[in-house]
Amino acid sequence: MVSLFCSGPWAAAQVILDESLDDWEEGSIISDPLGDASSAFALDIIGYGSSNDQERVFFALELREEELLQEGNNLVIYVDIDGNESTGRSVEGLGADLEFDFGERQGRLYANGSSREIRHDDIGLVSSPTVSSEFFEISVDRDLGFLAGVDLVFDDSFSYVWKDVRSSGDRAPDTGVARAELTDAEISYIVPIHRSDNVDIRVMSYNLLRDLVFESAAAEEAFGRILRATEPDIIAIQEVYDNSSLAMANLVSRQLSPPIGGQWYHAKIDPDIIVVSLFPIRDVEASDGNGLFLIELPTADLLIANCHLPCCENDFDRQRETDRLLAEIRDIQDGIGSVELAEDSPIIICGDMNLVGDRQTQQSLISGDIVDNGLFGPDFLLDWGTAGLFDNIPQTTGLPMSFTWINERGSFFPGRLDYLLHTASVLELQSSFSLYTQELDTDTLIAYGLSRFDTDLVSDHLPIVSDYRIATSTSTVDDTFGRQPSADKPTDCYHWTDWDVATNGMSDLVIWSHDDLIGQGPSGQMLYPTLDLLPAGMYRVLGRRDGQIHHVLIWKE
């Protein structure tokens, strides 16, 4: 339907591993019959698909029930990268050059009668989300490496099969193989890291890997280059166990001098939580080793919950700490908590959440759903009773992914362990990113004074950064105007590089992608996010011009 409204080049969908399938092209995910697994205990695959860019092949997988991808399953993918049954391992009607067992987090490559065991880093495998889910996105490199005289590179046509390898397991497709064609799409994953002029605060969350910046000169120097490139106002730090907040503030000041007349304020919650801020820290309270920090901004007080939740398979304690933290924020909002906070003040929950198990903890942090209501009291809406928090999923710089932790030598795939959640009614998100210097191009590294392995030198976590404006007035966009636009013909149609808010005289903007509201804002500003941060696609923008509502279609390849 959209193509009737706007002519112009239309590229393949820009798939990003971002815990959503909304950016997959319509029809690219194939349905598999519901309930066709022959055992109630087997995985039931209900959808599968593939896509690609110039460097990677993407797979989508949908399941009937929520599962963990990286453990506790018997799910295997077999991929015939050249579509030739006579090469690779003969299995499931394929000549599989690649197989990967997700529950075991390992696989094999096959060529010329030889095979080699592999783990995720050997083939660039990344998946999303890291928590349990009914769907997953998986990425592997198009060039899988060299084996037995063969360069294992995906051909233009390839085939694959998903299977739960237990005797009662499901298979997708049910018969035959899934066949796919690679496109020639050249897609750029440039994520701006510069700070725009209309930002009130830039917040960074960073796990510093057990005081490493204090123990290694190379790590401190790399940390300094990262600080100077990103220029955060507030730094929420985890895993500084053996050094004080004063030592941390002094280290930051050595690497990033505060403005003339300013200083780096600091506070610590034992054992490892620190906040360093250009704004005064007025109050600090502990919550199971996590910290609540009240920061005095020029126009409002900001409450930051800086967290380091228990790791690994410890779902129970992760949820218990989350329940307690949520209860304390609820009490603060009700005026009976340990910190005094004015109504409708901005709130951020951030840190290394270690969300690798049951997604309930993730959903609790967003929605305010307390699991143990008997001990911690009732659920509540974290955004001052109006909504949950906005889960900002920063894109990893230079990659179509959103991971914040990577261990190339470990068995677990890169994942999103670090979070920045905020009250969207008060904080207007301008931009965000997860900085991974390995994937920045040379020009960007030079421009920002970074070295390619800076993030590797500092930690196994990446710094995540978000820019915000603090809302000082209510948008004039009313409820009717904020609803989904109709499919009527738009007033105008633009390529995104040709559309300019000022010259088009539009205000009170609302932007939609398909059926999803992306963001809205007053006075001609695209508050979240700006068009240059959005992936390729069609976007409907509604706005007021001369008192009339105008409907504009913008396309971005």
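Preceding this section is the structure that the text describes.
Structure report, in brief. Note that the structure is predicted; figures quoted are calculated from it, not measured.

**What to know about the pattern of salt bridges**
Turning to step 1, where the next piece is worked out: The final tally for this structure, using the stated rule, is 22 salt bridges.
Turning to step 2, where the next piece is worked out: Taking the shortest distance from any N to any O, the salt bridge between R166 and D164 comes out at 2.9 Å.
Turning to step 3, where the next piece is worked out: Under the relative-accessibility criterion, R166 is labelled partly exposed at 31%.
Turning to step 4, where the next piece is worked out: Residue D164 is classed as buried on the basis of its relative accessible area of 0%.
Turning to step 5, where the next piece is worked out: Between R318 and D315 there is a salt bridge whose closest N-O contact spans 2.7 Å. A residue pair is termed a helical-turn pair when its members lie 3 or 4 positions apart in one helix, as R318 and D315 do in helix α4 (residues 315-333) at three residues.
Turning to step 6, where the next piece is worked out: In this structure R318 comes out as buried when scored by relative accessible area, which is 1%.
Turning to step 7, where the next piece is worked out: Assessed through its relative accessible area of 26%, D315 is described here as partly exposed.
Turning to step 8, where the next piece is worked out: If you follow the salt bridges from partner to partner, you end up with E19, D391 and R416 in one network.

**Thoughts on the packing of aromatic side chains**
Two measures describe an aromatic ring pair: the distance that separates the ring centres and the angle between the ring planes.
Turning to step 1, where the next piece is worked out: Under the criterion given, the structure shown has 12 aromatic pairs.
Turning to step 2, where the next piece is worked out: Between F403 and Y436, the aromatic rings sit 5.6 Å apart at their centres with planes inclined by 75°, giving edge-to-face as the arrangement. Of this pair, F403 sits in the loop between β25 (390-392) and β26 (418-422) while Y436 sits in the loop between β27 (427-434) and α7 (442-447); the two residues are 33 residues apart in sequence, bridging distant segments of the chain. The burial state of F403 is the same as that of Y436; both residues are buried.
Turning to step 3, where the next piece is worked out: By way of ring pairs, the aromatic residues Y48, F59, F100, F102, F154, F158, Y160, W162 and F413 are connected into one cluster.
Turning to step 4, where the next piece is worked out: Here R105 stacks its cationic end above the ring of F412, 3.8 Å away from the centre of that ring.

**A closer look at the state of the cysteines**
Any covalent bond linking the sulfur atoms of two cysteines counts as a disulfide.
Turning to step 1, where the next piece is worked out: One pass over the structure, following the stated rule, counts one disulfide.
Turning to step 2, where the next piece is worked out: The disulfide bridge from C311 ends at C312, spanning 2.5 Å between sulfur atoms. Its S-S torsion of about -75° marks the bond between C311 and C312 as left-handed, since a negative value means left-handed.
Turning to step 3, where the next piece is worked out: The exposure class of C312 is partly exposed, given its relative accessible area of 48%.
Turning to step 4, where the next piece is worked out: C350 takes part in no disulfide bond, and the closest cysteine sulfur, belonging to C307, lies 6.9 Å away.

Reading the values: rules and limits
- Residues numbered from 1 in each chain as written.
- Predicted model: local features only at pLDDT ≥ 70, side-chain atom pairs only at ≥ 80, totals over all residues.
- Heavy atoms only, no water.
- Salt bridge = Lys/Arg side-chain N within 4 Å of Asp/Glu carboxyl O.
- Buried < 20%, exposed > 50% of the residue type's maximum accessible area, 1.4 Å probe, protein only.
- Helix = DSSP H or I, 4+ residues; strand = E, 2+ residues; numbered from the N terminus.
- Phe/Tyr/Trp six-rings, centres within 6.5 Å; stacked < 30°, edge-to-face > 60°.
- Lys NZ or Arg CZ within 6 Å of the ring centre and 35° of its normal.
- Disulfide = S-S within 2.5 Å.

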